[in-house]
Protein chains: 2
Amino acid sequence: LDLASPYISLIKPQSAYFEQFGSLGFEVLERVVRAAHERGLLVLLDGKRGDIDSTNEAYGRGLLGRGSPVGADALTVHAYLSIDALEPLIHCAVETGTTLFVVVRSSNASAWALQDARVNEAESVAEMLARQLRTINAREAPKVPLGAVVGATYANDAAGWRSQFGEAPLLAPGVGAQGADWDDIQRRFVDVLDLVIPSASRSVLLRGPNEAEFVAAIKEAATRARNLLEV
Amino acid sequence: LDLASPYISLIKPQSAYFEQFGSLGFEVLERVVRAAHERGLLVLLDGKRGDIDSTNEAYGRGLLGRGSPVGADALTVHAYLSIDALEPLIHCAVETGTTLFVVVRSSNASAWALQDARVNEAESVAEMLARQLRTINAREAPKVPLGAVVGATYANDAAGWRSQFGEAPLLAPGVGAQGADWDDIQRRFVDVLDLVIPSASRSVLLRGPNEAEFVAAIKEAATRARNLLEV
């Protein structure tokens, strides 16, 4: 974090990599989040949670907002149980000024059969989720409780993002190890470069543990991202 | 646990209710799992995890199998990123002799638009996931790494379960507070009563904290379940 914080504004810790060490790992996650906040960084927890009713309330109480034990500023969530089912978490996001990133379009091709399945003649699963999250963001304006995860490897019709997702922030994982590059981000998100959060993980982390290499990788990714987003 | 263990064989802790207290809650979860094992109970962790690649490996290392920090015997998972993406977790389940319960049919009606969406003329999303998990269980036989979550409130054509899901165990939440009753279980799962795990949570827990009431609720639910499954 000390090496990276001059170049970045947000970190995206993977919950799984902390959970693999059980409660000790979870405690380290809490410390990482606090350390990031002390350095002025936002924290997007990639935990892909998602359930119904009071279970979602409990996830919100534990993970979302700086008053919670984990204290994340944003959280990735699954909507297989519907966007409606996420309402208790959405309520929590509105209350705490945090954001939920709903997985809509993943970066792995094997998921597209499910995500492109037809709800009806007009809409696929992914399009339905996009419309529903746009509706909820409109209801909660000026707050923006919902963003979307849309794989950087997905070759969407470039013009479609804003009409589909409105002003929702878009998390675009898959840069680097998963095969997308910075030019893909520029080409695929051309109409929403003000909303996109490109995310490179393994391509940066695997340049460590050598400090100079790691910092070089972060600077390179951050510079590419900044040039892109300020075009 | 001491009050309940004479009447039950498995507990299904909700990860969210522990995570709401952060790492302290996670530590309590680890202790509850160990205490359950000491009393001869199996533990199905309802955590609805699900990601891709090495992230799923990490969830496996942290949560699945008695050698892991959490030590669950089974885990609920999301397949919005596809069953293929779960392969690292499936590998872990095979290695550790544990089971993943893929959410296929949820007990909340708002989810059916997504779960009934058509992948093609022959299959809905839920049917595709069922077929894919049947294929993987066949590949791994005699091990059964995959089960399915199928809401007890869902009025499936009673004859269809075994042809859809093969010999996969079926977790059927939604008995009690969510509106299904034990007769629904009998009617809806008539051809797979040897495979179904009916689950009642709030309808039992809300009879506590009075000990006698709580034990009565557990005995009642366990007796109903036992009568049903041994018919």
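Residues numbered from 1 in each chain as written. Chains lettered and ligands numbered in written order. Predicted model: local features only at pLDDT ≥ 70, side-chain atom pairs only at ≥ 80, totals over all residues. Heavy atoms only, no water.

Caption draft 1: Region of interest: the sheet that holds strand 5 (residues 146-150) of chain A. All names here are of chain A. In space, the 7 strands of this open sheet follow the order 1-2-3-4-5-6-7, with parallel pairing throughout. With one partner strand each, in any of the chains shown, strand 1 (10-11) and strand 7 (196-200) form the two edges of the open sheet. The sheet contact formed by strand 2 (residues 42-49) and strand 3 (residues 74-77) spans 3 bridges and is parallel. From the neighbouring strand, Arg49 faces strand 3, where its bridge partner is Val77. Each of strand 4 (99-105) and strand 5 is contacted by helix 6 (residues 125-140), which is oriented at about 160 degrees to strand 4, the strand it contacts most. (Pairing = 2+ DSSP bridges. Helix = DSSP H or I, 4+ residues; strand = E, 2+ residues; numbered from the N terminus. Contact = heavy atoms within 4.5 Å. Axes fitted to C-alpha atoms, helices over the stretch in contact; angles between N-to-C directions.)

Caption draft 2: Layout of the relation of the copies chain A and chain B. After a rotation of 180 degrees and a shift along the axis of 0.0 Å, chain A superposes on chain B with an RMSD of 0.0 Å. In the structure described here, the two chain copies are related by an operation that fits a two-fold rotation axis. An overlap of 100% is found between the interface residues of chain A and their copies at the interface of chain B, pointing to a shared contact surface. (Least-squares fit on C-alpha atoms with pLDDT ≥ 70 in both.)

Caption draft 3: The sheet that holds strand 2 (residues 42-49) of chain B, seen in detail. Residue and element names in this part refer to chain B. What the 7 strands build is an open sheet, ordered 1-2-3-4-5-6-7; its pairing is parallel. Two strands lie at the open edges of the sheet, namely strand 1 (10-11) and strand 7 (196-200), each paired on one side alone. Of the strand pairs in this sheet, strand 4 (residues 99-105) and strand 5 (residues 146-150) are connected by 5 bridges, and their pairing is parallel. Looking at strand 5, one finds that Phe101 is bridged to Gly147.

Caption draft 4: Examining the pattern of salt bridges more closely. Counted according to the given criterion, the structure contains 40 salt bridges over all chains. A salt bridge links A:Glu213 to A:Arg207; the nearest nitrogen and oxygen atoms lie 3.0 Å apart. Looking at A:Arg207, the relative accessible area reads 29%, which means it is partly exposed. The partner of B:Arg105 in a salt bridge is B:Asp116, and the shortest N-O contact between them spans 2.7 Å. Residue B:Arg105 is found in strand 4, and its partner B:Asp116 is found in the loop between helix 5 (112-115) and helix 6 (125-140); the two are separated by 11 residues along the sequence. (Salt bridge = Lys/Arg side-chain N within 4 Å of Asp/Glu carboxyl O. Buried < 20%, exposed > 50% of the residue type's maximum accessible area, 1.4 Å probe, protein only.)

Caption draft 5: Seen up close, the packing of helix 2 (residues 22-38) of chain A against helix 2 (residues 22-38) of chain B. At a minimum axis distance of 8 Å, the contact between helix 2 of chain A and helix 2 of chain B shows a crossing angle of 175 degrees. If you check the angle between helix 2 of chain A and helix 2 of chain B, you find them roughly antiparallel. Residue-level contacts link A:Gly22, A:Ser23, A:Phe26, A:Glu27 and A:Glu30 of helix 2 of chain A to B:Gly22, B:Ser23, B:Phe26, B:Glu27 and B:Glu30 of helix 2 of chain B. Partitioned by chemical class, the residues of the contact of helix 2 of chain A with helix 2 of chain B number 2 nonpolar, 4 polar and 4 charged. (Parallel < 35°, antiparallel > 145°, perpendicular 65-115°, else oblique. Nonpolar A, V, L, I, M, F, W, Y, C, P; charged D, E, K, R; others polar.)

Caption draft 6: A look at unusual backbone geometry. Residue and element names in this part refer to chain A. Here the bond from Ala141 into Pro142 is cis, since omega is 5 degrees, no more than 30 degrees from zero. Examined against the element boundaries, Pro142 turns out to sit in the loop between helix 6 and strand 5. In this structure, Lys48 takes a positive phi of about 45 degrees despite not being glycine. Examined against the element boundaries, Lys48 turns out to sit in strand 2. Looking at Lys48, the relative accessible area reads 7%, which means it is buried.

Caption draft 7: Representation of the interface of chain A and chain B within the structure. With 54 residues of chain A in contact, the opposing surface of chain B contributes 54 residues. Summing the contributions of chain A and of chain B, the shared interface buries around 4,300 Å²; its carbon and sulfur component is 56%. Linking chain A with chain B are 4 salt bridges, by the criterion used here. One salt bridge in this structure joins B:Lys48 and A:Asp51, with 2.6 Å as the shortest N-O distance. Counting only elements with at least two residues in the side of chain A that touches chain B, the list comes to helix 1 (15-19), helix 2, strand 2, helix 3 (53-63), strand 4, helix 5 (112-115) and helix 6 of chain A. With 8 residues, helix 3 of chain A is the largest single contributor of residues to the side of chain A that touches chain B. (Buried area = accessible area lost by both parts, 1.4 Å probe.)

Caption draft 8: The arrangement of helix 2 of chain B in detail. Taking 1.5 Å per residue, 17 residues should reach 24 Å; helix 2 of chain B reaches 25 Å between its end C-alpha atoms and fits that length. Among the residues of helix 2 of chain B, B:Gly22, B:Ser23, B:Gly25, B:Phe26, B:Leu29, B:Glu30, B:Val33, B:Ala35, B:Ala36 and B:His37 are the ones counted as buried. Turning to helix 2 of chain B, the residues buried within the fold contact helix 1 and helix 2 of chain A together with strand 1, helix 1 (15-19), strand 2 and helix 3 (53-63) of chain B. Of the residues one or two after helix 2 of chain B, B:Gly40 is the one with positive phi, at around 80 degrees. (Expected span 1.5 Å × (residues − 1).)

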